[in-house]
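Understanding the architecture of this molecule
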Amino acid sequence: MRSLMENMPVHSFRHEFARHARWRREEDRRAVHRNNEREEKERVRERDRTEGQDAFMDFAFGFVIATDEQIAAFTVKLDAYDTATIDALMENEQRLAEVQAELDALLAKAYVLPDGRRVFKTEDGTRVFDENGVEVKDFDPELIEEWRPHWDEYQNPFEAKGDLVKEREELIEFQNLTDEARAEAGEDGITQERLAELEEILARNAPETVQRRLDHEKPVPESDSDPDQQPTVTGITAKLDMPSI
């Protein structure tokens, strides 16, 4: 008895084989698709689980009370900020005094207008400015004697004083900020999250002259440092009684 395959025409056999191959490919494709779907769902579940854990940890972190050790470490940083700020204020005061002395010497030789303003003409003799940097346009520069100081000579210390006054204001503002942070860190129940926020606020608002001093005081790597000379941080918290400018 001949088998079914033997009785099947060649063209029918080829058609059946091709149909079966297409069916197998489609089954394989569906299997791969189902597997990809399972993997994607697993990735989504894992992502949601991780994000949920992270969100919970972030939420919980906001209620974790800072330890005494963390507050003490933050206080050390505040002391370093205070020391650097006071040093910067002292240097600023000295430089202001030097610049003001230079300005006073030039102002003593300046031409005085009838209204009391002291003025300087430019080197080229075409323009006139008063002691506050305001151009005087209703005045003949030729009336100012050549032996008197020119605006070009006065301008540099004049602008330097303005920069120093601005720097002083920023330093005093930052000093107030560290005072507020110190007071808040001393309150009962301050959280680790808030302590980290205060540290970030101070780092972001530290004036360049303060940050430069802190960077200078950072210890060098142990391999390059002298073990007998370890850097120290002095906890100076006094305030300077700065004179008004």
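A brief report on the enclosed structure follows. (Residues numbered from 1 in each chain as written. Predicted model: local features only at pLDDT ≥ 70, side-chain atom pairs only at ≥ 80, totals over all residues. Heavy atoms only, no water.)

What about the packing of helix H3 (residues 68-108) against helix H5 (residues 192-205)?
Where we set the bar: To obtain an axis, a line is fitted to C-alpha atoms, over the contacting stretch when the element is a helix, and the angle between two such axes runs from 0 to 180 degrees between their N-to-C directions. Put simply, DSSP marks the helices as runs of H or I at least four residues long and the strands as runs of E at least two long, and each gets a number from the N terminus on. Here roughly perpendicular refers to angles of 65 to 115 degrees, roughly parallel to angles under 35, roughly antiparallel to angles over 145, and oblique to all remaining angles. Helix crossings fall into two classes, left-handed where the near helix is turned counterclockwise from the far one by less than a right angle and right-handed where it is turned clockwise. Whether two residues touch is decided by their heavy atoms; if any such pair falls within 4.5 Å, the residues are in contact.
At their nearest, the axes of H3 and H5 sit 11 Å apart, and the two run at 15 degrees to each other. Between H3 and H5, the interaxial angle falls into the category roughly parallel. Between H3 and H5 lies a crossing of left-handed hand. Residue-level contacts link Gln70, Ile71, Phe74, Lys77, Leu78 and Tyr81 of H3 to Gln192, Leu195, Leu198, Glu199, Leu202 and Ala203 of H5.

Notes on the sheet that holds strand S2 (residues 118-121)
This is how the line gets drawn: For two strands to be treated as a pair, DSSP must find no fewer than two bridges joining them.
Pairing in this open sheet of 3 strands is antiparallel, and the strands run S1-S2-S3 from one edge to the other. For this open sheet the edge positions go to strand S1 (111-112) and strand S3 (128-130), each flanked by a neighbour on one side alone. Pairing of S2 with S3, which is carried by 3 bridges, proceeds in the antiparallel orientation. What sits directly across from phenylalanine 120, in S3, is phenylalanine 129.

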